[in-house]
Amino acid sequence: MRVGLLTGGGDCPGLNAAIRAVVKHGEGTYGHSIIGFRNGWRGVVDGDVMPLGRPHIRNVLPSGGTLLGTARYHPDDHDGGIDAVMATLEAERIEALICIGGDGTLHAASKVAEAGVRIVAIPKTIDNDVSGTDLSIGFHTAVNIATEAIDRIHTTAESHNRVMVVEVMGRHAGWIAVNAGIAGGAELILTPEDPFDIDQVVKFLKHRHRAHANFSIVVVAEGAEPRKGGSMDYTTQLGRFGEIVAGAVGERLAHEIADRTGFDTRVTILGHVQRGGSPTPTDRILGSRFGVAAIDAVVEGRTGVMTALRGEHVELVPLSEVAGKPKRVPADLIRAAQVLA
């Protein structure tokens, strides 16, 4: 069997572990031919392929990024995109396609599955906002990196009596902010799920600096926004492809805090630092488990499904039930972040 493989959307640590598992299990156990598509769905549309074998996956397990390359391109958003995908898959004699990606890539995968292609999806995103799975590839590493950054920022904040605003990624979900904020001991954690009141933020910081300490760490997710009707007028800034502009809310929040409190306030924008570097053991193992499960699903003739971690087990869930339905941080976790501040 010829099995196609692609990685779409943003890069993240753990992708190469999933690719390695698909190739080792698919070729070694079942004798399949694994055909990689470069640069996500763009490579399928353009017919940009590379056969994947044992030599291509040697020593990739600890490497970040993706050896296949990636792109933010969805064929269902372009005229003739799905037709081009079908033509390439027919020309390459692809019998099943494994798609590794976040919410956008998996939404496109569900559209291709509806066109009759056998699809098995693997969730990856540092944002952890793919529904149906407890964890997505890349999230654990991103939280570790953000937590280490917060730990380091604590020392300079305390030394200089500063408020340090740390902006983390996450799109419209606050998974990284909440987890890294709690783990790093941040005083305030602001997420998209719970719009903040700038007046309450200022009141809290003034009280803390007067009664408890002379420094504070404020973690803010890039998609966080102030409460409507409050005294801070701000709308999330978007780029040309609909992506959230890195640093926009962090810079504005730091300015508001400094202006309203008089405290020396600085901002650190972690941005793409969270995506890079070597994956944690958790992401290496998760990517490997998902890759093995995806090949097994292909062999079983499954289609329109996604690998998902639920508790301790990897399961298959219908792609139609999760694609295009981002997962938000639950209220109890946000509450824990507020209580522990």
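Since this is a predicted model, take the numbers as computed values, not measurements.

**Details of the domain arrangement of the protein**
Phase 1: One can read the domain layout of the protein as domain 1 (2–138 + 279–321) and domain 2 (142–275).
Phase 2: One C-alpha centre belongs to domain 1, the other to domain 2, and the line joining them spans 34 Å.
Phase 3: In this assembly, 12 residues from domain 1 lie in contact with 10 residues from domain 2.
Phase 4: Between domain 1 and domain 2, a total of about 980 Å² is buried, with carbon and sulfur atoms accounting for 46% of that surface.
Phase 5: On the domain 1 side of the interface with domain 2, the three residues burying the most area are Ile126, Asp127 and Asp129, jointly 51% of the side's total.
Phase 6: Summed over the shared surface of domain 1 and domain 2, the result is 2 salt bridges.
Phase 7: Here domain 1 is connected to domain 2 by 6 residue pairs in polar contact (both at pLDDT 80 or more).
Phase 8: Split by residue class, the side of domain 1 that touches domain 2 holds 3 nonpolar, 4 polar and 5 charged.

**Examining the pattern of salt bridges**
Phase 1: Here the structure, examined in full by the defined rule, presents 13 salt bridges.
Phase 2: For Arg152, the salt bridge is made with Glu148, and the minimal N-O distance between the two is 3.0 Å. On the criterion of helical spacing, the pair formed by Arg152 and Glu148 is a turn pair, its members being 4 residues apart in helix H5 (residues 139–160).
Phase 3: With a shortest N-O distance of 2.8 Å, Arg227 and Asp197 are connected by a salt bridge. Placement of the pair is Arg227 in the loop between strand S8 (216–221) and helix H8 (248–261) and Asp197 in the loop between strand S7 (188–190) and helix H7 (198–211), with a sequence separation of 30 residues.
Phase 4: Relative accessible area serves as the criterion here: at 37%, Arg227 is assigned to the partly exposed category.
Phase 5: Salt bridges sharing partners connect three or more residues here, namely Asp199, Arg252, Glu256 and Arg260.

**A closer look at the environment of Glu158**
Phase 1: Following the sequence through the fold, Glu158 ends up in helix H5.
Phase 2: Taking the C-alpha atoms as reference points, Glu158 and Ser216, separated by 58 residues in sequence, lie 7.9 Å from one another.

**Thoughts on helix H9 (residues 281–299)**
Residue pairs spaced three or four apart in an α-helix point in one direction, given the helix's 3.6 residues per turn.
Phase 1: The end-to-end C-alpha separation of H9 is 27 Å, in line with the 27 Å expected for 19 residues at 1.5 Å each.
Phase 2: Those residues of H9 not exposed but buried are Asp283, Leu286, Gly287, Ser288, Phe290, Gly291, Ala293, Ala294, Ile295, Ala297 and Val298.
Phase 3: Gly301 sits one or two residues past H9 and shows a positive phi near 80°.

**Regarding the packing of helix H6 (residues 175–184) against helix H11 (residues 331–340)**
Phase 1: For the pair H6 and H11, the least separation of the axes is 10 Å and the interaxial angle reads 35°. Seen along the crossing, H6 lies across H11 with a hand that is left-handed. The residues of H11 that touch H6, namely those facing Trp175, Val178, Asn179 and Ile182, are Leu333, Ile334, Ala336, Ala337 and Leu340.
Phase 2: For the contact of H6 with H11, the per-class residue count stands at 8 nonpolar, 1 polar and no charged.

**Concerning the layout of surface pockets**
Phase 1: Estimated volume of the largest pocket: approximately 810 Å³.
Phase 2: In this structure, the largest pocket is lined by 30 residues; those nearest its centre are Arg72, Arg171, Phe241, Gly242 and Glu243.
Phase 3: Grouping the constituent residues of the lining of the largest pocket by class yields 7 nonpolar, 12 polar and 11 charged.
Phase 4: Residue contributions to the lining of the largest pocket reach at least three from each of two domains, namely domain 1 (2–138 + 279–321) and domain 2 (142–275).
Phase 5: There is about 330 Å³ of room inside the second largest pocket.
Phase 6: Forming the walls of the second largest pocket are 19 residues, and the residues nearest its centre are Leu188, Ile189, Leu190, Val201 and Gln338.
Phase 7: Of all the secondary-structure elements, those providing two or more residues to the lining of the second largest pocket are S7, H7 and H11.
Phase 8: With 5 residues, the top contributor of residues to the lining of the second largest pocket is H7.
Phase 9: Class assignment of the residues belonging to the lining of the second largest pocket gives a composition of 11 nonpolar, 4 polar and 4 charged.

**Focus: helix H3 (residues 81–91)**
Phase 1: Looking only at H3, the buried set comprises Gly81, Val85, Thr88 and Leu89. Buried residues of H3, viewed axially, fall in a sector of 95°; they line one side. Along H3, exposed side chains directed more than 90 degrees from the buried face belong to Asp83, Glu90 and Ala91.
Phase 2: Residues of H3 that are buried in the fold lie against strand S2 (33–37), helix H2 (40–46), strand S4 (96–101) and helix H4 (103–114).
Phase 3: Residue Arg93 follows H3 closely and has a positive phi angle near 60°.

**A short note on the packing of H7 against H8**
Phase 1: Between H7 and H8, the least distance of the axes is 10 Å, while the angle of their chain directions is 60°. Considering the angle they form, H7 stands oblique to H8. Crossing of H7 over H8 shows right-handed handedness. Contact residues: Ile198, Asp199, Val201, Val202, Leu205 and Lys206 in H7; Leu253, Glu256, Ile257, Arg260 and Thr261 in H8.
Phase 2: Its residues assigned to classes, the contact of H7 with H8 comprises 6 nonpolar, 1 polar and 4 charged.

Rules used throughout
- Residues numbered from 1 in each chain as written.
- Predicted model: local features only at pLDDT ≥ 70, side-chain atom pairs only at ≥ 80, totals over all residues.
- Heavy atoms only, no water.
- Domains from an automatic or database assignment.
- Contact = heavy atoms within 4.5 Å.
- Buried area = accessible area lost by both parts, 1.4 Å probe.
- Salt bridge = Lys/Arg side-chain N within 4 Å of Asp/Glu carboxyl O.
- Polar contact = N/O pair within 3.5 Å; in protein donor to acceptor, adjacent residues only side chain to side chain.
- Nonpolar A, V, L, I, M, F, W, Y, C, P; charged D, E, K, R; others polar.
- Helix = DSSP H or I, 4+ residues; strand = E, 2+ residues; numbered from the N terminus.
- Buried < 20%, exposed > 50% of the residue type's maximum accessible area, 1.4 Å probe, protein only.
- Expected span 1.5 Å × (residues − 1).
- Axes fitted to C-alpha atoms, helices over the stretch in contact; angles between N-to-C directions.
- Left-handed = near helix turned anticlockwise from the far one by under 90°.
- 1 Å grid on protein atoms, 1.4 Å probe; cavity = no way out; pocket = protein on both sides within 12 Å on 5 of 7 lines; lining within 4 Å.
- Points joined across faces, edges and corners; volume = space filled by probe spheres on them.
- Arc of directions from axis to C-beta.
- Parallel < 35°, antiparallel > 145°, perpendicular 65-115°, else oblique.

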